[in-house]
Amino acid sequence: MAKVAFLGLGVMGFPMAGHLKTKGGHDVTVYNRTTAKAESWVSKFGGRLAATPKEAAAGQDFVMACVGNDDDLRAVTLGPNGAFAGLSAGAVFVDHTTASAEIARELHAEAKKRGFDAVDAPVSGGQAGAENGALTVMCGGDAAPYTRAEAVIAAYAKMCKLIGSPGAGQLTKMVNQICIAGLVQGLAEGLHFAHKAGLDVEAVIATISKGAAQSWQMENRYKTMNDGKFDFGFAVDWMRKDMSLCLGEARRNGASLPVTAMVDQFYAEVQKMGGRRWDTSSLIARLERP
C-alpha cells in the first residue's frame, strides 16, 4: 500500500482514482477544482479530500494528475498552492494529462530541482478504459521512479511501458492520436461508401473485420457510427486539442502529417455542426449530412 494523491476527477480521473482505492488498496487523497466532485468521490470510495493541490501532495509517496491541458497542469503543480510545493523529497509525480512534451520536460526538470521525480504518463483507452481499469499508459522519464510508479499505475492499466526520456510519453500519445485519426476517417468513409452502395453493413463488417481491415475502431465503433449515435467515448473537442499538440510538435520536428491535418479540419466541421461533445467516431456525420 502506498500513500497516493490524485489531482483532477473528470471522466478519466474519477474512476482511475477509484481503482487506486478499491483495486490497489492504497491510501488515497483527492483534489478537484470543483470541490463537489471531490466530495462525491470520497462519498463513493472513502479516502480524503484536500482543499489545494499542495495540501493533497503533502506527505504522499505518489501524486497522480489528470487534468485538461498545459495551463491546467501548471495550475495544479506550480505556485504557492501547487502540488510541487507540497511534495516531499523522494516522492514521484505522475502526470496522466495529455499535454505537450515541453511541459513534461519542464516539470521533470523542476521536480529534480526540488528533490523528487516526475514521469509523464498519458493514457489511451477513453472513459470505458478508465472505468474498467484497462488503460494503456505510455511513459517518459527516468527508469527508477518509473519502476516504482508502475506498481501503482497497475491499478488502472492493462499496459504500461517506459518509452524513453522525459517527454517520450507525451510524444507517444501523439503517435497514438495520429494513428487513430486516420483509422476513424477510413472507417467513416468505408461505412459511408457501404451505405451509398446499398450494402448490408452488418454483413460487410462481419466479413472484412476478419481480414486486413480489422481494427479496434472497427470492432468497437462501427455499430454506433452506423446508427448515428456519437455519445460514447472521447469528445471531438478533446481530439482537436490533441491534434493541435501533434501538429505543433510536427512543425518543430519536421514531420509531415497531411492526413492528420486534414482530419483535424474535418473535426472542425463536426464542431460547427454542433458536435463538440460528440465522440470521435462522429466523422461519419459530416459525410452523411443532407
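Right above here is the structure, for reference.
None of the values given here were measured: they were computed from a predicted structure. (Residues numbered from 1 in each chain as written. Predicted model: local features only at pLDDT ≥ 70, side-chain atom pairs only at ≥ 80, totals over all residues. Heavy atoms only, no water.)

S.K.: Talk me through helix α12 (residues 258-272); I want residue IDs and the actual numbers.
M.R.: End to end, α12 covers 22 Å across 15 residues, agreeing with the expected 21 Å (1.5 Å per residue, within 8%). Among the residues of α12, those classed as buried are T260, V263, D264, F266, Y267, A268, V270 and Q271. Those residues of α12 hidden inside the fold are in contact with α8 (168-196), α11 (236-253) and α13 (283-288). Looking at the residues trailing α12, positive phi occurs at G274, about 95 degrees. (Helix = DSSP H or I, 4+ residues; strand = E, 2+ residues; numbered from the N terminus. Expected span 1.5 Å × (residues − 1). Buried < 20%, exposed > 50% of the residue type's maximum accessible area, 1.4 Å probe, protein only. Contact = heavy atoms within 4.5 Å.)

S.K.: Any details on empty space enclosed by the protein? Residues and values, ideally.
M.R.: Under the definition given, this model contains one cavity of 30 Å³ or more. The space that makes up the largest cavity amounts to roughly 50 Å³. Lining the largest cavity are F93, D95, A104, L107, H108, A118, V119 and D120. Along the lines of polarity and charge, the residues of the lining of the largest cavity split into five nonpolar, one polar and two charged. (1 Å grid on protein atoms, 1.4 Å probe; cavity = no way out; pocket = protein on both sides within 12 Å on 5 of 7 lines; lining within 4 Å. Points joined across faces, edges and corners; volume = space filled by probe spheres on them. Nonpolar A, V, L, I, M, F, W, Y, C, P; charged D, E, K, R; others polar.)

S.K.: Let's hear about the pairing of strand β4 (residues 62-65): which residues, and what values?
M.R.: Neither face of β4 is left uncovered, since the one carrying F62 and M64 and the one carrying V63 and A65 both have all their residues buried. Of the pairings in the sheet, the one linking strand β1 (residues 3-7) to β4 comprises four bridges and is parallel in character. Within β4, the position partnered with V4 by the bridge is F62. Here four bridges tie β4 to strand β5 (residues 92-95), and the two strands are oriented parallel to one another. When the bridges of β5 are listed, V63 appears paired with F93. (Pairing = 2+ DSSP bridges.)

S.K.: Outline the nonpolar core, listing residues and values.
M.R.: One finds F6, M16, M64, V137, I153 and Y156 to be the most contacted residues of the largest nonpolar core, which totals 34 residues. Here V137 is in contact with H96, A121, P122, V123, I153, A157, M159, C160 and K161, once residues within four sequence places are set aside. Residues L187, M218, F266 and L283 belong to the second largest nonpolar core, which totals 26 residues. (Core = buried A, V, L, I, M, F, W, Y, C linked by side-chain atoms within 4.5 Å.)

S.K.: Break down the packing of aromatic side chains for me, citing the residues and quoting the values.
M.R.: Tallied over the entire structure, the rule returns six aromatic pairs. Ring geometry for F84 versus F116: centroids 5.0 Å apart, planes at 85 degrees, classification edge-to-face. In this pair, F84 is assigned in the loop between α4 (70-77) and β5 and F116 in the loop between α5 (101-114) and β6 (117-120), connecting sequence segments 32 residues apart. Each member of the pair, F84 together with F116, is buried. Taking NZ or CZ as reference, R286 lies 3.8 Å from the ring centre of F266, over its face. (Phe/Tyr/Trp six-rings, centres within 6.5 Å; stacked < 30°, edge-to-face > 60°. Lys NZ or Arg CZ within 6 Å of the ring centre and 35° of its normal.)

S.K.: Outline the environment of A109, listing residues and values.
M.R.: Counting through the fold element by element, A109 comes out in helix α5. Along the chain, A109 and Y267 lie 158 residues apart, while their C-alpha atoms are 35 Å from each other.

S.K.: Summarise the environment of R221; cite the residues concerned and give the values.
M.R.: Here R221 shows up in helix α10 (residues 216-227). Sequence separation of R221 and S40 is 181 residues, and the distance between their C-alpha atoms is 31 Å. Discounting residues that sit within four places of it in the chain, R221 has contacts with W216, F232, G233 and S281.

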